[in-house]
Amino acid sequence: MNRIKQLPVNLVNQIAAGEVIERPASVVKELVENSIDAQASAVEISISNDCRNIRIADNGIGIYPDDIELAFSKHATSKLTDEESLFNINTLGFRGEALASIISIAKVSCTTRTKDFDYGTKVESQNSVVKHSKTGCACGTIMEVNDLFFNQPVRLKFLKSAKTEFSYIQDYVQSLALSHPEIAFVLKNNDSNVLVTTRNSDLLTRITQIFSPDIVNELKEVNKSDLNSKINISGFISVPSFTRSSKKNIYTFVNSRMVKCPVLLKAIDSAYKNMLPGGKFPFVVININLPACDMDVNVHPSKKEIRYKNPNQIFSFVLSAISYALTYNKPADKTNFKEPVSQDATGVESFELKTAENYNITKTFDFTKLINPPSAKESELPPLFNSDSELKTEHTSYLPQKQAESMPEQTKMDINFEIPQKYRKVNVIGQYKNTYILVENEDNLEIIDQHIADERYIYEKLKTQKVINSQLLIVSDVLDIEPEDMEILEEARSHLEKFGYKIEKISETQIIFKKIPQLLSNSKSDEILAELIKNLKTSIESDLDTKEEKILITTACKAAIKAGDKLTLWQMEEIVKKLRTTKNPYTCPHGRPISHFISLKEIASFFDRNIK
């Protein structure tokens, strides 16, 4: 065995680079975060040579000439001063590892100047050897990284295609742009503009710049503060009817730092529970601000992981904020966000900002042009009516939690689902295929799935009832059941009885229903059993609430009017009126959309008619 010896500086930096610099996107992340920490108001990122050449230009405060060599050494930073500051981090970077790691695996040059000097400094580095000289330049910093991984052929071999690597870069720049709308960003790939945003834009405007203006009406604003804990959440979330096929469009930030946090993702999933179809996810951009001393970002070199002093508090806070926004807040209005203003990023070499319309910007995804009605105000329900309609709630589950909790117990028990007088008239114009109810609204044609709408109403009604009436079955069919399904029913027996079901075991493979909820008196026993087993199978490993939720969903689904049932005009009107009173009139408990809207403008356009 060889004797112990000190490793060379360059080898130490290359080892560290293995953790810090995973791919070209890691270089972009570290350098752009430095630009943000340097108080830049404009940043340009240029990518070329299959993502191996990276140029970052900013108009930040720059680096002092006396500090320039130190900046490229290991564990040198201006962002930490002592041990205590490690637990009160307010910058994106703090480790002092990035530059030392980058110069060990790439050819790097840096041109920088502060406002205190009339000359700049140029640094050139290769294999961790740094040389610098005076130069003329504008205030700010330009970092050029060339031939990334030139001395690490193995790392180079494992890079993905240039298109894939650039997609990682684009995703990260988009995230930074969303978390810092006050900064102008330009992203170029081989001299072509891919992303352009203006500075001083609010978050809603920034979202439209990155994605599409069509998304505005699909979003609801989230804004909640806890003054005692000094926690605040702000951002936008999509209405349940607007979904994505992956979690890629869930952007979560803590103190404007992009994080992949299980606590936040769990809170988002819980808030959208029973609102989205399987395999579908919401569009979310939220930022949580909390005291730096209440969290720890020094968990991993990537700084994407985070630990909280009180994770349960964060979970509950985010869950309640999103749930409230989904229930009470109106969708965003296009007229509310500021139009982008063209501005130049002075002080950044070869860097000019224009409005996004000047460029052929690549969209991340296409947005369907759904027209969703506004939700109610905080003291109202979210009816699917025009914006001037107001529907006061008569149901405790729609009240803010503190109001509901303060109500007398007897009042909670006696609440019913009667339709407010002002909404007793609905303009139903017919039924299509004995499945879809057609409703004429002022600005659109509404198509409602009768089964899904009735299922939503029954589900919410059942959730508010403390006692569900049962019907005793004097004669019941003997139902065959698989042994593994029998075990599922046995485990859920107490939950089933709570919601009006009583099952008697005849043998290891046969059961009969002794009681069923009165709502299901006209349903077939074998169909009820099949639906119960199907839903309970997905919650075997879940908690109590999930098991009971599945039973409620089964009851609501089986009790609801079926697709294919021919309805009278009065029956259709009653379904629509009841739907207007629900807390979530967008999706059924399974997550399927209830309504689809076709705008009057879209219909008129098809027939070449102009409407004002």
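As the structure is a prediction and not an experimental result, all values here were calculated from the model.

(A) Structural view of the pattern of salt bridges. Per the stated rule, a full pass over the model turns up 16 salt bridges. Where R592 meets E455, a salt bridge forms, and the shortest distance between an N and an O atom there is 3.4 Å. Residue R592 is located in the loop between helix 17 (569–580) and strand 23 (595–599), and its partner E455 is located in helix 12 (residues 450–464); the two are separated by 137 residues in the primary sequence. Judged by its relative accessible area of 34%, R592 is partly exposed. The salt bridge partner of E574 is K577, with a shortest N-O separation of 3.7 Å. Linking E574 with K577, this pair stays in helix 17, spanning three residues, or about one helical turn. Residue classification places E574 among the partly exposed positions, given a relative accessible area of 21%. Where salt bridges share partners, they join E22, R23 and E165 into one cluster.

(B) Highlighting the pairing of strand 7 (residues 184–189). For strand 7, the tally of buried residues reaches five of six residues, placing the bulk of the element in the interior. As paired elements, strand 1 (residues 42–48) and strand 7 share six bridges and run parallel to each other. Along strand 7, the bridge assignment pairs A42 with A184. Direction of pairing for strand 7 relative to strand 8 (residues 192–196): antiparallel, over a ladder of four bridges.

(C) Molecular detail of the environment of F253. Mapped onto the secondary structure, F253 falls in strand 11 (residues 250–254). A C-alpha to C-alpha distance of 10.0 Å links F253 and S234, two positions 19 residues apart in sequence. With sequence-adjacent residues up to four places away left out, F253 is seen in contact with S175, L178, S179, M258, V285, I286, N287 and I288.

(D) Geometry of the nonpolar core. If you look at the biggest cluster of nonpolar residues, it comprises 58 residues, and the most contacted ones within it are I45 and I207. Looking at this core, the element that brings in the most residues is helix 6 (residues 162–179), giving seven residues. The contact partners of I207, leaving out residues within four places of it in the chain, are L178, S212, I215, L219, F236, F283 and V285. Among the nonpolar cores identified, the runner-up in size contains 30 residues, and L479, L529, I551 and L552 belong to it.

(E) Structural view of helix 9 (residues 311–328). Relative to the 26 Å expected for 18 residues at 1.5 Å per residue, helix 9 spans 26 Å between its end C-alpha atoms, a close match to the ideal helical length. Residues of helix 9 that are buried: I314, F317, V318, A321, I322, A325, L326, T327 and Y328. On the buried face of helix 9, the contacting elements are strand 9 (219–226), strand 10 (231–238), helix 8 (262–271), strand 13 (284–289) and strand 15 (307–308).

(F) Local environment of the sheet that holds strand 23. Taken together, four strands build an open sheet; the order of strands is 16-17-18-23 and the sheet is antiparallel. Each having just a single partner strand, strand 16 (428–432) and strand 23 make up the two edges of the open sheet. Looking at each pair of strands side by side, their axes are set apart by 20 degrees on average, direction ignored. Of the strand pairs in this sheet, strand 18 (residues 444–449) and strand 23 are connected by five bridges, and their pairing is antiparallel. Looking at the pairing, E446 lines up with F597 of strand 23. This element, helix 12, spans strand 16, strand 17 (436–440) and strand 18 of the sheet and lies at about 75 degrees to strand 18. Where helix 17 meets the sheet, its contacts fall on strand 16, strand 17, strand 18 and strand 23, and the angle it forms with strand 16 comes to roughly 105 degrees.

(G) A look at the confidence of the model for the chain. The pLDDT averaged across the chain works out to 76; a share of 74% of its residues lies at or above 70. Low pLDDT, under 50, characterises residues 337–423; the stretch is placed with 203 contacts to residues that sit more than four places away or in other chains. For residues 540–544, every residue scores under 50 in pLDDT, and the model assigns this stretch five contacts once sequence neighbours within four places are set aside.

(H) Looking closely at the packing of helix 6 against helix 7 (residues 203–210). For the pair helix 6 and helix 7, the least separation of the axes is 9 Å and the interaxial angle reads 160 degrees. By the angle between their directions, the pair helix 6 and helix 7 is classed as roughly antiparallel. Relative to helix 7, the crossing made by helix 6 is right-handed. Between helix 6, through Q174, A177 and L178, and helix 7, the contact on the second element is made entirely by L203, R206, I207 and I210. Of the residues that constitute the contact of helix 6 with helix 7, the class distribution is five nonpolar, one polar and one charged.

Rules of the game
Residues numbered from 1 in each chain as written. Predicted model: local features only at pLDDT ≥ 70, side-chain atom pairs only at ≥ 80, totals over all residues. Heavy atoms only, no water. Salt bridge = Lys/Arg side-chain N within 4 Å of Asp/Glu carboxyl O. Helix = DSSP H or I, 4+ residues; strand = E, 2+ residues; numbered from the N terminus. Buried < 20%, exposed > 50% of the residue type's maximum accessible area, 1.4 Å probe, protein only. Pairing = 2+ DSSP bridges. Contact = heavy atoms within 4.5 Å. Core = buried A, V, L, I, M, F, W, Y, C linked by side-chain atoms within 4.5 Å. Expected span 1.5 Å × (residues − 1). Axes fitted to C-alpha atoms, helices over the stretch in contact; angles between N-to-C directions. pLDDT = per-residue confidence, 0-100. Parallel < 35°, antiparallel > 145°, perpendicular 65-115°, else oblique. Left-handed = near helix turned anticlockwise from the far one by under 90°. Nonpolar A, V, L, I, M, F, W, Y, C, P; charged D, E, K, R; others polar.

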